[in-house]
Amino acid sequence: MTDGQRVAGLPAGLRERKKRRTRDALLRAALELFTSQGYEETTVDEIVDAVEVSQRTFFRYFAGKESVVFAVQDMVETRFILELRQRPAAETPFEAMRRAVLCAWNSIGEAIEAIIPVELHMQTYRMIESTPSLLAAHMRRSVAVEDQIAGLIAEREGLDLTRDPRPRVAVAAFCGVMRVTGQLWGRGNDGSMDSLRALTETYLDQLGPALAGDWRARPAGTAHLN
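Because the structure is a prediction, the values reported are computed rather than measured.

K.L.:
Explanation requested: the layout of surface pockets in the structure shown.
P.N.:
Which parts of space are left empty comes out when a probe the size of a water molecule is rolled across the atoms. In this structure, the second largest pocket occupies an estimated 160 Å³ of space. What lines the second largest pocket is simply Glu16, Lys19, Arg20, Arg23, Asp24, Tyr61, Met75 and Ile115. By residue number, the principal contributor to the lining of the second largest pocket is helix H2 (residues 12-37), which donates five residues. Of the residues in the lining of the second largest pocket, the class split is three nonpolar, no polar and five charged.

K.L.:
How should empty space enclosed by the protein be read in this particular structure?
P.N.:
As enumerated under the stated definition, the model contains one cavity of 30 Å³ or more in all. What the largest cavity holds in volume is close to 610 Å³. Lining the largest cavity are 27 residues, and of these Gln73, Val76, Glu77, His138 and Met178 sit closest to its centre. In terms of residue count, helix H10 (residues 166-187) provides more of the lining of the largest cavity than any other element does, seven residues in total. Among the residues forming the lining of the largest cavity, the class breakdown is 16 nonpolar, eight polar and three charged.

K.L.:
Would you take a moment to explain the environment of Ala96 for this structure?
P.N.:
Relative to the helices and strands, Ala96 is located in helix H7 (residues 93-115). Note on Ala96: relative accessible area 0%, which makes it buried. For the pair formed by Ala96 and Ile153, sequence separation is 57 residues and the distance between their alpha carbons is 9.0 Å. Not counting the four nearest positions on each side in its chain, Ala96 is found in contact with Leu84, Arg87, Glu91 and Arg156.

K.L.:
Please clarify how helix H9 (residues 132-157) should be interpreted in this entry.
P.N.:
For an α-helix the count is 3.6 residues per turn, leaving residues at separations of three or four pointing the same way. Over its 26 residues, H9 extends 37 Å from the first C-alpha to the last, a length consistent with the 38 Å expected when each residue adds 1.5 Å. Listed as buried for H9 are Leu134, Ala137, His138, Arg141, Ser142, Val145, Glu146, Ile149, Ala150, Leu152, Ile153 and Ala154. Its buried side turned inward, H9 meets helix H5 (65-69), helix H6 (71-85), H7, helix H8 (118-130) and H10. After H9 finishes, the residue Gly158 shows a positive phi value of roughly 65°.

K.L.:
What exactly am I supposed to notice about the side chain of Thr22 here?
P.N.:
Residue placement: Thr22 occurs in helix H2. Residue Thr22 is classed as buried on the basis of its relative accessible area, which comes to 11%. When neighbours within four sequence positions are excluded, Thr22 is seen to be in contact with Val53, Thr57 and Tyr61.

K.L.:
Can you walk me through the confidence of the model for the protein chain in this structure?
P.N.:
Detailed reading of the predicted coordinates is not advisable wherever pLDDT is low. Confidence in the prediction for the protein chain averages 86 pLDDT; 88% of positions are at 70 or higher. The lowest-confidence element of the protein chain is helix H1 (residues 3-8), averaging 52 in pLDDT; the highest-confidence one is helix H3 (residues 44-51), averaging 97.

K.L.:
Would you mind showing me how to read the environment of Leu152 here?
P.N.:
Tracing the chain through its elements places Leu152 in helix H9. Sequence separation of Leu152 and Pro167 is 15 residues, and the distance between their C-alpha atoms is 8.7 Å. Those residues within four positions of Leu152 in sequence are excluded, and the remaining contacts are Ile81, Leu84 and Arg85.

K.L.:
It is not clear to me how the nonpolar core should be interpreted in this structure. Could you clarify?
P.N.:
Grouped burial of nonpolar side chains is what soluble globular proteins tend to show. In this structure, Leu26, Phe34, Phe80, Leu84 and Ile149 are the most contacted members of the largest nonpolar core, which totals 59 residues. Excluding residues that lie within four positions of it along the chain, Leu84 makes contacts with Ala96, Met97, Ala100, Ile149, Leu152, Ile153 and Arg156.

K.L.:
Looking at this model, I keep getting lost on H10. Mind explaining?
P.N.:
If you check H10, its first and last C-alpha atoms are 32 Å apart, about what 22 residues at 1.5 Å a residue would give, namely 32 Å. Taken together, the buried positions of H10 are occupied by Pro167, Val171, Phe174, Cys175, Val177, Thr181, Gly182, Trp185 and Gly186. One face of H10 carries all of its buried residues, which in axial projection span an arc of 165°. The exposed residues of H10 that point more than 90 degrees off its buried face are Arg166, Val169 and Arg187. Those residues of H10 that are buried are in contact with H6, H7, H8, H9, helix H11 (193-205) and helix H12 (207-211).

K.L.:
Honestly, unusual backbone geometry in this entry has me stumped. Any pointers?
P.N.:
Leaving glycine aside, a negative phi is the common case for residues, and trans is the common case for peptide bonds. With phi around 65°, Glu52 is a residue other than glycine that occupies positive phi space. Residue Glu52 is classed as exposed on the basis of its relative accessible area of 71%.

K.L.:
Any chance you could explain the packing of H9 against H10 here in plain terms?
P.N.:
The geometry of a pair of packed helices is captured by two quantities: the angle between their axes and the separation between those axes. Where H9 contacts H10, the axes come no closer than 9 Å and their chain directions differ by 135°. Classified by the angle their axes make, H9 and H10 are oblique. H9 and H10 meet at a crossing whose hand is right-handed. The residues of H10 that touch H9, namely those facing Ser142, Glu146, Asp147, Ile149, Ala150, Ile153 and Ala154, are Pro167, Arg168, Val171, Ala172, Cys175 and Arg179.

Basis of the calculations
- Residues numbered from 1 in each chain as written.
- Predicted model: local features only at pLDDT ≥ 70, side-chain atom pairs only at ≥ 80, totals over all residues.
- Heavy atoms only, no water.
- 1 Å grid on protein atoms, 1.4 Å probe; cavity = no way out; pocket = protein on both sides within 12 Å on 5 of 7 lines; lining within 4 Å.
- Points joined across faces, edges and corners; volume = space filled by probe spheres on them.
- Helix = DSSP H or I, 4+ residues; strand = E, 2+ residues; numbered from the N terminus.
- Nonpolar A, V, L, I, M, F, W, Y, C, P; charged D, E, K, R; others polar.
- Buried < 20%, exposed > 50% of the residue type's maximum accessible area, 1.4 Å probe, protein only.
- Contact = heavy atoms within 4.5 Å.
- Expected span 1.5 Å × (residues − 1).
- pLDDT = per-residue confidence, 0-100.
- Core = buried A, V, L, I, M, F, W, Y, C linked by side-chain atoms within 4.5 Å.
- Arc of directions from axis to C-beta.
- Axes fitted to C-alpha atoms, helices over the stretch in contact; angles between N-to-C directions.
- Parallel < 35°, antiparallel > 145°, perpendicular 65-115°, else oblique.
- Left-handed = near helix turned anticlockwise from the far one by under 90°.

This is the structure we're talking about:
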């Protein structure tokens, strides 16, 4: 009996839970192998052997090794987009993005931890940063996501994205901060979701001050020169 036949013979609810458990097991096994022995060095055969399923089952859930690496990131981005779509129209674009990402972390943290340990999530981030092919894929994906977010912001504000550069500029600044916080979190010692959320909030709060005013410290009573 094949893997698919075993799942197909179960009641619908149980079948879905079985499929989710299989997918989660493949994801965890793959990330453990990638981070312990290297992404390029790990084969699909090794992943399916670790879970005791067939290659056919693997490809039912994932297009390939790269899609496994970014599966958790896909979850986060999907949740962020959903939260952004639901933000009140009265919020400014930056405030909508800020609140959306913090709400996303609130809701997605437990979902991630139910699939993989947070430490493994952190190790995966480090692996992406240190693997040229994955880093290139990460940047390619980031461009696509930023374009989608810019489209949403333009829609919220009633703007033509082809004529008004402000949505793309705002999203580029926002996503730049998100990349910095992700890198700092990945290099740090505290791998908790709470630490990532706190770091994200701290750095987003600094975006406005960083883009405005004169940073240079001046002695008391010194006038600013024009």
